[in-house]
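# Report on the structure
Single-letter residue listing:
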Amino acid sequence: MGATNVALVFTHWAQLGDTAFRVLMRMALTSLDEPAKDGSPPRIYFGDRELLAMSLRSGSRGGSKETVERELKRAIAELVTEGAVERLNRARGGVRQSYRLHLFAPLPIDQRERRPKIEGGSKTPPEGGGKTPPQGGANGTSRGGQRPPP
């Protein structure tokens, strides 16, 4: 259970942030790789939030319950926004939240769940902070240049 799913996470979702990656790994590890004999579909996570919280650094280091919950919400929001998971239902009394894992490739943008727009724009800068990547050394050669290795 989960070994193939974990390999798919490493293959297709390594670009996620650390926390979201950890949460997706836990979801992948505890979901079925193949359909079960009873007809249960593969790659559906229906475990509880406590299991996901144990995957977080703040959860394993004894962070406050509020901090862990906030971190978990952000991670799940990132997974939904990136298309790695899809919410199947809403949690309510006696019913856990379920997620379908899209491990082979991201969902097309038009099929992803959208977060509501925050008044006044996002509070976090875009990833990379708008800086351009380094272009090379002082001698003007590009990174990983065309010279043979020493």
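Below is a summary of the structure that appears in this document.

What counts and how
Residues numbered from 1 in each chain as written. Predicted model: local features only at pLDDT ≥ 70, side-chain atom pairs only at ≥ 80, totals over all residues. Heavy atoms only, no water. Helix = DSSP H or I, 4+ residues; strand = E, 2+ residues; numbered from the N terminus. Buried < 20%, exposed > 50% of the residue type's maximum accessible area, 1.4 Å probe, protein only. Contact = heavy atoms within 4.5 Å. Phe/Tyr/Trp six-rings, centres within 6.5 Å; stacked < 30°, edge-to-face > 60°. Axes fitted to C-alpha atoms, helices over the stretch in contact; angles between N-to-C directions. Parallel < 35°, antiparallel > 145°, perpendicular 65-115°, else oblique. Nonpolar A, V, L, I, M, F, W, Y, C, P; charged D, E, K, R; others polar. Salt bridge = Lys/Arg side-chain N within 4 Å of Asp/Glu carboxyl O.

Take the side chain of Ser 98 next. By the element assignment, Ser 98 lies in the loop between β2 (85-87) and β3 (99-101). Accessibility expressed as a relative area gives 14% for Ser 98, which makes it buried. Contact partners of Ser 98, with chain neighbours within four places excluded, come to Tyr 45, Phe 46, Glu 86, Arg 87, Leu 88 and Asn 89.

As a further point, take the packing of aromatic side chains. Evaluation of the coordinates by the stated rule reveals 1 aromatic pair. Centroid distance Phe 10 to Phe 21: 5.5 Å. Interplanar angle 70°. Geometry classified as edge-to-face. Of the two residues, Phe 10 is situated in helix α1 (residues 3-12) and Phe 21 in helix α2 (residues 18-29); the sequence distance between them amounts to 11 residues. With relative accessibility at 16%, the residue Phe 21 sits in the buried group.

So, about the packing of α2 against helix α5 (residues 65-82). Packing of α2 against α5 leaves a shortest axis separation of 8 Å and a crossing angle of 80°. In terms of orientation, α2 lies roughly perpendicular with respect to α5. Taking contact as the criterion, the partners of Thr 19, Ala 20, Val 23, Leu 24 and Met 27 in α2 are, on α5, Glu 71, Leu 72, Ala 75, Ile 76, Glu 78 and Leu 79. In terms of residue class, the contact of α2 with α5 is built from 8 nonpolar, 1 polar and 2 charged.

As a further point, take the pattern of salt bridges. Counted according to the given criterion, the structure contains 3 salt bridges. Taking the shortest distance from any N to any O, the salt bridge between Glu 86 and Arg 100 comes out at 3.5 Å. Taken together, the positions of Glu 86 in strand β2 and Arg 100 in strand β3 put the pair 14 residues apart, joining distant regions of the chain.

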